[in-house]
Amino acid sequence: MTDSITCVTRNDCVQLDAQDALAPLRHQFSLPDSVIYLDGNSLGVLPKTAAARAAQVVTEEWGVGLIRSWNTAGWIALPQRIGNKIARLVGAGEGELVVADSTSVNLFKVLSAALRIIQTDANQRKVILSERSNFPTDLYIAESLAQQHGMTLKLVDADEITAHLNDKLAVLMLTQVNYRTGRVHDMAVLTAAAHQAGALTVWDLAHSAGALPVDLIGSGADFAVGCGYKYLNGGPGAPAFVWAHPRHAERFWQPLAGWLGHAAPFEFTSDYRPAPGINRYLCGTPPVISLAVLECGLDSVLAAEPLGGMPALRAKSLALTALFIELVEARCAGHGLTLATPRASEQRGSQVSFARDTGVDGGEGGYAIMQALIARGVIGDFRAPDILRFGFTPLYLRFVDVWDAVEHLVQVMQTSEWKQARFQVRSSVT
Ligand SMILES: *Cc1c(COP(=O)(O)O)cnc(C)c1O
C-alpha cells in the first residue's frame, strides 16, 4: 500500500492541521519559533515540564531530602516505574522492562544472555546474524561478543536475512527500523522464522519506541533494548531501556552483575544473587536527574493515549512522511535526490531519507545541503556517505512544517546556496 495525500498548496496543509486531532499535543513542547525540527529521531525536543521537574529534583529532592529521597521520593524505584510506562508503548507487560544504562550497554547484556542460553541448548550454533547497515554500535558490541564466545558475526543485506536462518544460527540481532533508510522489519515474521530455525532474537527499538506501535509479547521476541533520547524525548544522553521475555529473564545472570541487580542489595553480601525477573538487568546506581527528565519526555508521548495512542501517532507520522516524499519528488526533481526510504507505508518508519547522488551539480553535496537547510532553521541530519535524513515526530510536527521545510529545500537547491564555502565545513557531530 502506498498512501498518498495530495496537498497542492500551503493552505491545504493549514487545513490538514486544523483537522488534526493530535495538534494540541504540540503545546507540550518548548520549540524555538524559527525552527522546523526534523531530527526528533536523533534527539527529541524539550517537554515544557522538564526544566521545572529537573529543578525540583535538584533543589527539593536532592537539596532538602538528601539521601532520604532514595526512599521518600521513590528514587530507587525509578528504573521500574518509568520502565512500566515504556512497556505500554512497546507491547511489554508490567514488570518486564527496566530503564538503565545506554542502548549500547543494554545490548551487550541481552546479547550475552541470548548467546549463553543458546550455547547451553545447542553448541553447534556459532553465528550471530545482523544487517550490514545496522547502526555501528550494535555491530561493534556484537563483534566484541562474537570474539569472546568464539563465534562469527555475519552481516547481510535486509533481503538476505531469511536465507541465513539455519541450524548454525545462534542469534538474529536486528534494529527494527533502519537508522539510515527508515525501513521497518516485520518483527513477528522474522522472530517466528528465527525460532523455526532454532535461534533467538534480539531487537533494537531505538527508532521504533514512540515512533510506531510495537508488540514485543505478541511478536514472540526474546530480548529488546531501546533508546530514551529519540522518540521518547528524554533529553541528551537519556538512559535507555532493556526487556527480556519473561521466559528468559531468569535464565542467565547478565554479565554486568552489579549490586543493584542483586536480589538484596542492602544485605551487602559478598556473593551475587540475581534479582528476580528483569531487575537483574540493572547494574549500578540509577541516574536520578536524567530519569526524572526522561519521565517528562515519556509522559509527552503517553499524553497521546486518550487521542488514540500509538496507532493515531503512527497514522499521522505516515501522512507527514508521505506528504514530504510527494512534495520533495515533485518540487526538487532533477537535483539528484533519490528516495532511500520505502514508499510502502507499512515498511516505512517515522523518517524519510534521500540519498544525494554523487556527481550532480559538480559535487556530492549531501552534507552541505543539510548545513544550508540547518542555517535556514530546518534541522535534519546527514549520515555519511550520502544520506540526508529527516525525522518526523507527529507529536509536534504540523503539515505546514512539511510544506515549509520542502520550500526551503527547493530554494537551497535552485539557488545552489549549499555550494557556499561555509556549508562545506564538517563538524564533529553530523
Ligand atoms: C541511536 C542508536 C543507538 C544509540 O546507542 P547509545 O548507546 O545510546 O549511544 C544504538 N543503536 C541504534 C540502532 C540506534 O539508532
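Residues numbered from 1 in each chain as written. Predicted model: local features only at pLDDT ≥ 70, side-chain atom pairs only at ≥ 80, totals over all residues. Heavy atoms only, no water.

### A short note on the overall build of the protein
What counts is decided by this rule: In DSSP terms, a helix is any run of H or I states spanning at least four residues, a strand is any run of E spanning at least two, and both are numbered starting from the N terminus. Here the globule rule is a power law, 2.2 Å times the number of residues to the power 0.38, and the radius of gyration is based on C-alpha atoms. The contact definition used throughout considers only heavy atoms, calling two residues in contact when any of these lie within 4.5 Å. All tallies of charge rest on Lys and Arg as positive and Asp and Glu as negative; His and the ends of each chain are not included. By convention, the point assigned to a charge is CZ for Arg, NZ for Lys, CD for Glu and CG for Asp.
Scanning the protein from terminus to terminus reveals twelve helices and 15 strands. Its C-alpha atoms give the protein a radius of gyration of 22 Å, near enough to 22 Å, the size a compact globule of 430 residues would have. Considering only C-alpha atoms, the protein reaches an extent of 70 × 55 × 40 Å along its principal axes. Long-range pairs, those at least 24 residues apart, make up 72% of the contacts in the protein between residues at least 6 apart in sequence. The average position of the 35 basic charges and that of the 41 acidic charges among the side chains of the protein differ by 3 Å.

### A look at the sheet that holds strand β11 (residues 337–339)
Put simply, the test is: Two strands qualify as a pair provided that DSSP identifies no fewer than 2 bridges between them. Angular values range over 0 to 180 degrees, each being the angle between N-to-C directions of two axes fitted as lines to C-alpha atoms, with helices fitted over their stretch in contact.
Pairing is antiparallel in the open sheet, where four strands are placed in the order β11-β12-β15-β14. Edge positions in the open sheet fall to β11 and β14 (381–383), since each of these has one partner strand only. Sheet twist, expressed as the mean angle between neighbouring strand axes with direction ignored, is 35°. As paired strands, β14 and strand β15 (residues 387–391) are joined by three bridges and run antiparallel to one another. By the bridge assignment for β15, D381 is matched with R389. On top of the sheet, helix α10 (residues 309–331) reaches β11, β12 (351–356) and β15; it is set at about 25° to β12, its chief contact.

### Section: unusual backbone geometry
The condition is simple: Throughout this description, buried means an accessible area under 20% of the type-specific maximum (1.4 Å probe, protein chains only), exposed means over 50%, and partly exposed covers the range between.
The peptide bond linking A384 to P385 adopts the cis configuration, its omega dihedral lying at 5°. Tracing the backbone through its elements, the reader meets P385 in the loop between β14 and β15. In this structure, N233 is a non-glycine residue whose phi angle is positive, near 55°. Along the chain, N233 turns up in the loop between β9 (223–226) and β10 (240–244). Assessed through its relative accessible area of 1%, N233 is described here as buried.

### Things to note about the site of the ligand
Keep this limit in mind: Whether a residue is near a molecule or strand depends on its heavy atoms: if one lies within 4 Å, it is near. Polar contacts here mean pairs of N or O atoms no more than 3.5 Å apart (in protein, one a potential hydrogen donor and the other a potential acceptor; neighbouring residues in sequence count only if both atoms are side-chain atoms). Calculation of accessible area relied on Shrake-Rupley with a 1.4 Å probe; when residues are assessed, cover is drawn exclusively from the protein chains displayed. Residues are grouped as follows: nonpolar covers Ala, Val, Leu, Ile, Met, Phe, Trp, Tyr, Cys and Pro; charged covers Asp, Glu, Lys and Arg; every other residue, Gly included, is treated as polar.
Residues in contact with the ligand, as listed here, are S102, T103, S104, F135, T137, D138, T175, D204, A206, H207, Y229 and K230. The contact in question runs from an oxygen atom of the ligand to an N or O atom on the backbone of T103, over 3.5 Å. Here K230 contributes a side-chain N or O atom positioned 2.6 Å from an oxygen atom of the ligand. When the free accessible area of the ligand is taken as 380 Å², the share hidden by the protein chains comes to 86%. Elements with a contribution of two residues or more to the shell around the ligand: α5 (103–121) and α6 (136–148). Its residues assigned to classes, the shell around the ligand comprises three nonpolar, six polar and three charged.

### Side note on helix α12 (residues 399–414)
Selection criterion: Multiplying 1.5 Å by the residue count of a helix minus one yields the expected span of that helix.
Taking 1.5 Å per residue as the helical rise, α12 with its 16 residues ought to reach 22 Å, and the 23 Å between its terminal C-alpha atoms agrees with that figure. Taken across its 16 residues, α12 has twelve buried, putting it largely inside the fold. Backbone geometry just after α12 places S416 at a positive phi near 55°.

### Observations regarding the packing of helix α2 (residues 48–62) against helix α9 (residues 288–302)
Put simply, the rule is: Orientation is classified from the angle alone, with under 35 degrees giving roughly parallel, over 145 giving roughly antiparallel, 65 to 115 giving roughly perpendicular, and any other angle giving oblique. Throughout, a crossing is termed right-handed when the near helix is turned clockwise from the far one, and left-handed when it is turned anticlockwise from it by less than a right angle.
Contact geometry of α2 with α9 gives a least axis separation of 9 Å together with a crossing angle of 150°. The orientation of α2 with respect to α9, classified from their angle, is roughly antiparallel. Note on packing geometry: the crossing formed by α2 with α9 is right-handed. Between α2, through T49, A50, R53, A54, V57 and V58, and α9, the contact on the second element is made entirely by V288, I289, A292, V293 and C296. Of the residues assigned to the contact of α2 with α9, the class counts are nine nonpolar, one polar and one charged.

### A few points about the pairing of strand β4 (residues 97–100)
Alternating residues of β4 divide into L97 and V99 and V98 and A100, and every residue in both groups is buried. Pairing analysis gives four bridges linking β4 to β10, with the strands arranged antiparallel. Counterpart to L97 in the pairing with β10 is W243.

### Some words on the domain arrangement of the protein
Quick reminder of the rule: These domain boundaries are the output of an automatic or database domain assignment. Buried area is a sum: the accessible area each of two parts loses on coming together, probed at 1.4 Å, counted once for each and added. The term salt bridge refers to a side-chain nitrogen of Lys or Arg lying within 4 Å of a carboxyl oxygen of Asp or Glu.
The domains assigned to the protein are domain 1 (10–22 + 309–420) and domain 2 (52–302). One C-alpha centre belongs to domain 1, the other to domain 2, and the line joining them spans 30 Å. In this complex, domain 1 contributes 24 residues to the contact, which on the side of domain 2 involves 18 residues. Summed over both sides, the interface between domain 1 and domain 2 buries roughly 1,600 Å², with carbon and sulfur atoms accounting for 58% of that surface. Considering only the side of domain 1, the residues that lose the most area to domain 2 are M310, Q351 and L395, jointly responsible for 32% of the buried surface there. The interface formed by domain 1 and domain 2 contains one salt bridge.

### Structural notes on the sheet that holds strand β7 (residues 169–175)
The mixed open sheet is built from seven strands, whose spatial order is β4-β10-β9-β8-β7-β5-β6. Edge strands, defined here as strands with exactly one partner in the open sheet, are β4 and β6 (152–156). Each neighbouring strand pair of the sheet contributes to a mean axis angle of 20°, computed without reference to strand direction. Of the pairings in the sheet, the one linking strand β5 (residues 127–131) to β7 comprises three bridges and is parallel in character. Within β7, the position partnered with L129 by the bridge is L172. The sheet strands contacting helix α4 (residues 78–90) are β4 and β10, and the helix crosses β4 at an angle near 120°.

### Structural notes on the nonpolar core
Soluble globular proteins: nonpolar side chains tend toward being buried together. So the rule is basically this: The nonpolar core is taken to be a set of buried Ala, Val, Leu, Ile, Met, Phe, Trp, Tyr and Cys residues, with the residues joined through side-chain atoms within 4.5 Å.
Counting 94 residues, the largest nonpolar core has V90, L172, L205, L216, F324, F390 and F392 as the members making the most contacts within it. Of the domains in this structure, domain 1 (10–22 + 309–420) and domain 2 (52–302) are the two that each give at least three residues to this core. Aside from chain neighbours lying at most four places away, what touches L205 is V90, Q176, M187, V214, L216, A224, V225, G226 and F241. Within the second largest apolar cluster, 33 residues are counted, among which are A113, I128, L153 and F252.

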